[in-house]
Amino acid sequence: EISAVLIDMIMPEMDGVTSIRTLLRINPQVKIIAVSGLATNDRVSAAINNGAKSFLSKPYTSEELLRQLHQVLYA
């Protein structure tokens, strides 16, 4: 069982927003953390408004990733 997904907002086949929507249709309980190296306000808002629980800007540290994972899984 997958509890959390880390997903890049810019991918070649399916963009991040479409991926978030698709994942949530498959499993509405999954927690999604969106990531991007191009973290504009529009991109962050699109991810959160479509169901991502959190957003990480690249580059990020392992500590930041672990903190976000803990927050979305246990908060």
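Above: the structure in question.
Because the structure is a prediction, the values reported are computed rather than measured.

### Observations regarding the pairing of strand β2 (residues 31-36)
And then number 1: The element β2 is largely enclosed, with a buried count of five among its six residues.
And then number 2: Pairing of strand β1 (residues 4-8) with β2, which is carried by five bridges, proceeds in the parallel orientation. Pairing of Asp-8 across the sheet is with Val-35, part of β2.
And then number 3: After leaving β1, the chain enters helix α1 (residues 16-26) and then returns to the sheet as β2, a path that is right-handed.
And then number 4: With four bridges joining them, β2 and strand β3 (residues 54-57) adopt parallel strand pairing. When the sheet's bridge partners are listed, Val-35 is paired in β3 with Leu-56.
And then number 5: Note on the crossover from β2 through helix α2 (residues 41-49) to β3: the handedness is right-handed.

### Brief notes about the pattern of salt bridges
And then number 1: Summed over the entire model, instances satisfying the criterion amount to two salt bridges.
And then number 2: Across the pair Asp-8 and Lys-58 runs a salt bridge, and its minimum N-O distance is 2.3 Å. Highlighted residues: Asp-8 in strand β1 and Lys-58 in the loop between β3 and α3 (62-74), separated in sequence by 50 residues.
And then number 3: Between Arg-67 and Glu-63 there is a salt bridge; the shortest N-O distance is 2.8 Å. Taken as a pair, Arg-67 and Glu-63 lie in helix α3 at a separation of four residues, close to a single helical turn.
And then number 4: The exposure class of Arg-67 is partly exposed, given its relative accessible area of 46%.
And then number 5: The exposed category is assigned to Glu-63, whose relative accessible area is 54%.

### What to know about the environment of Tyr-74
And then number 1: Tracing the backbone shows Tyr-74 in helix α3.
And then number 2: Note on Tyr-74: relative accessible area 62%, which makes it exposed.
And then number 3: Spatially, the C-alpha atoms of Tyr-74 and Lys-31 are 10 Å apart, while their sequence positions differ by 43 residues.

### Looking at the nonpolar core
In summary, soluble globular proteins display a tendency toward joint burial of nonpolar side chains.
And then number 1: Grouped together as the largest cluster of nonpolar side chains are 11 residues: Val-5, Ile-7, Met-9, Val-17, Ile-20, Val-30, Ile-32, Ala-34, Ala-47, Ala-52 and Phe-55.
And then number 2: Sorting the residues of this core by element identifies β1, α1 and β2 as the ones contributing at least two each.
And then number 3: In contact with Ile-32, other than residues within four places in its own chain, are Val-5, Ile-7, Ile-20, Leu-23, Leu-24, Ala-52, Lys-53 and Ser-54.
And then number 4: Counting five residues, the second-largest nonpolar core is a separate cluster that includes Ile-33, Val-35, Leu-56 and Val-72.

Analysis parameters
Residues numbered from 1 in each chain as written. Predicted model: local features only at pLDDT ≥ 70, side-chain atom pairs only at ≥ 80, totals over all residues. Heavy atoms only, no water. Buried < 20%, exposed > 50% of the residue type's maximum accessible area, 1.4 Å probe, protein only. Helix = DSSP H or I, 4+ residues; strand = E, 2+ residues; numbered from the N terminus. Pairing = 2+ DSSP bridges. Right-handed = clockwise from strand over helix to strand, strands pointing away. Salt bridge = Lys/Arg side-chain N within 4 Å of Asp/Glu carboxyl O. Core = buried A, V, L, I, M, F, W, Y, C linked by side-chain atoms within 4.5 Å. Contact = heavy atoms within 4.5 Å.

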